[in-house]
Amino acid sequence: MSFNLGTAMANKGPSYGLSREVQSKIDKKYDQDLEERLTEWIIAQCGAGVGQPEAGKTGWQNWLKDGCVLCELINSLSSGNKPIRKIQSSGMAFKQMEQISQFLNAAEKYGITKTDMFQTVDLWEGKDLAAVQRTLMTLGSLAVTRDDGTYRGDPNWFHKKSVENKREFSEDQLNEGRSVIGLQMGTNKGASQAGMTGYGRPRQILNNNP
C-alpha cells in the first residue's frame with residue numbers, strides 16, 4: 001500500500017478540526033467596516049494608550065489577542081471599582097487566554113448574554129473573529145443604552161437596546177389578583193369528567209331499542 005504524503009497533507013484540514021470550506025464561510029461574516037468602527041470606538045473609549053492595529057483582519061486579531069485592550073475596554077465602562085484589577089501584557093499563551101476569559105466574565109456581568117458572547121478560541125486562535133465583532137457591538141450598544149456617563153465616542157456608532165418596561169404592582173394589587181385566580185379555580189371544582197372518554201377509547205353508544 002503506497003502512502004502519498006502530499007495527498008495526506010492536502011486532505012488535512014486546519015488543526016482545530018474545521019474544514020477550509022467551513023472556515024471560509026465564517027471568514028466571510030467578518031465585516032471590514034465594523035472593524036474600523038470598533039477600532040475607532042475602542043481608541044476613543046480607552047485612549048491612545050491602547051495603540052492602533054494594523055489594517056486588516058490579522059492585524060485586528062493580533063491587537064486584541066493578548067486580552068489587554070479588551071480588559072482596558074471593559075474597565076473603562078465602569079465608573080466605580082474596575083472589574084479587572086490587574087492587566088498585564090504577556091507573551092505566554094495561557095496568560096493571554098486568561099485575560100480574554102476575564103474580559104468575557106466581566107462582559108457577562110455587564111449584561112451581555114451568553115448567546116452574544118464569543119469564545120476565547122474564537123479570538124485567540126482566530127476561529128471566528130466575526131463573533132468577536134458581534135460581542136463588541138453588543139457591548140457598545142449596552143454602553144450607549146445605559147447612558148451612565150462612561151461611554152466615550154459617537155453614540156450613533158451603536159443602536160440603543162430596547163429597555164424592558166417592568167410594571168410594579170402594590171401588595172394590594174397582587175392580593176387582589178390572587179383572589180381573582182382563586183375564584184376562577186373555585187368555579188371549576190364542581191366540574192365533572194363524567195361522559196368523557198380516555199384517549200384512544202371509543203365512546204360506547206347504547207341502543208335501548210329492541
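On a predicted model such as this, the values are computed, not experimentally measured, just so you know.

### Details of the overall build of the protein
Reasoning step 1: When its secondary structure is counted, the protein shows nine helices and zero strands.
Reasoning step 2: Helices (α) and strands (β) of the protein occur, in sequence order from the N terminus, as α-α-α-α-α-α-α-α-α.
Reasoning step 3: Out of the 210 residues in the protein, the part that is buried amounts to 32%.
Reasoning step 4: Of the contacts made within the protein by residues no fewer than 6 positions apart, 52% connect residues no fewer than 24 positions apart.

### Here we look at the packing of helix H5 (residues 68–76) against helix H6 (residues 93–110)
When two helices pack together, their arrangement is given by the angle between the helix axes and by the axis-to-axis distance.
Reasoning step 1: Running from N to C, H5 and H6 cross one another at 25 degrees; their axes reach a closest spacing of 8 Å. Judged by the angle between their axes, H5 and H6 are roughly parallel. Along this stretch, H5 crosses H6, giving a crossing that reads as left-handed. Residues Cys68, Leu70, Cys71 and Ile74 of H5 touch H6, and the partners they reach there are Gln99, Phe103, Ala106, Ala107 and Tyr110.

### Notes on the confidence of the model for the protein
Reasoning step 1: Residues of the protein with pLDDT of at least 70 account for 65%, and the chain-wide mean is 79.
Reasoning step 2: Mean pLDDT per element in the protein: helix H1 (residues 5–11) is the minimum at 40, and H5 is the maximum at 97.
Reasoning step 3: Below pLDDT 50 for its whole length, residues 1–17 participates in nine contacts with residues either more than four positions away or in separate chains.

### As for the pattern of salt bridges
Reasoning step 1: Within the structure shown, the criterion is met by two salt bridges.
Reasoning step 2: In this structure, Lys114 and Glu108 form a salt bridge, with 3.2 Å as the shortest nitrogen-oxygen distance.
Reasoning step 3: Glu108 gets classed as partly exposed once you look at its relative accessible area, which sits at 32%.
Reasoning step 4: The salt bridge partner of Asp128 is Arg134, with a shortest N-O separation of 3.9 Å.
Reasoning step 5: According to the relative accessible area criterion, Asp128 is buried, its value standing at 13%.
Reasoning step 6: Relative accessible area serves as the criterion here: at 44%, Arg134 is assigned to the partly exposed category.

### Side note on a negative patch on the surface
Reasoning step 1: Together, Asp31, Asp33, Glu36, Glu40 and Asp154 make up a negatively charged patch on the protein surface.
Reasoning step 2: Relative to the helices and strands, Glu36 is located in helix H3 (residues 32–46).

### Side note on unusual backbone geometry
Reasoning step 1: At Asp147, a residue that is not glycine, the phi angle is positive and equals roughly 50 degrees.
Reasoning step 2: Inspection of the secondary structure assignment puts Asp147 in the loop between helix H8 (129–146) and helix H9 (171–186).
Reasoning step 3: For Asp147, a relative accessible area of 61% gives the class exposed.

### Remarks on the nonpolar core
Reasoning step 1: One finds Trp41, Leu64, Phe103, Phe118, Leu136 and Leu139 to be the most contacted residues of the largest nonpolar core, which totals 39 residues.
Reasoning step 2: Looking at this core element by element, the count peaks at nine residues for H8.
Reasoning step 3: In this view, Phe103 contacts Leu70, Cys71, Ile74, Ile84, Phe118, Leu136 and Leu139; residues no more than four positions away in its chain are not counted.

### Describing the packing of aromatic side chains
Reasoning step 1: Enumeration over the complete set of coordinates arrives at five aromatic pairs.
Reasoning step 2: On the basis of an interplanar angle of 75 degrees and a centroid distance of 4.9 Å, the ring pair of Trp41 and Phe158 is categorised as edge-to-face. With Trp41 in helix H3 and Phe158 in the loop between H8 and H9, the pair connects residues that are 117 residues apart, well separated along the chain.
Reasoning step 3: Under the relative-accessibility criterion, Phe158 is labelled buried at 5%.

Reading the values: rules and limits
Residues numbered from 1 in each chain as written. Predicted model: local features only at pLDDT ≥ 70, side-chain atom pairs only at ≥ 80, totals over all residues. Heavy atoms only, no water. Helix = DSSP H or I, 4+ residues; strand = E, 2+ residues; numbered from the N terminus. Buried < 20%, exposed > 50% of the residue type's maximum accessible area, 1.4 Å probe, protein only. Contact = heavy atoms within 4.5 Å. Axes fitted to C-alpha atoms, helices over the stretch in contact; angles between N-to-C directions. Parallel < 35°, antiparallel > 145°, perpendicular 65-115°, else oblique. Left-handed = near helix turned anticlockwise from the far one by under 90°. pLDDT = per-residue confidence, 0-100. Salt bridge = Lys/Arg side-chain N within 4 Å of Asp/Glu carboxyl O. Patch = residues over 30% accessible without salt bridge, like charges linked within 9 Å, V, L, I, M, F, W, Y side chains within 5 Å. Areas by Shrake-Rupley, 256 points an atom, 1.4 Å probe, with all protein chains shown as cover. Lys, Arg positive; Asp, Glu negative; His and termini not counted. Charge placed at Lys NZ, Arg CZ, Asp CG, Glu CD. Core = buried A, V, L, I, M, F, W, Y, C linked by side-chain atoms within 4.5 Å. Phe/Tyr/Trp six-rings, centres within 6.5 Å; stacked < 30°, edge-to-face > 60°.

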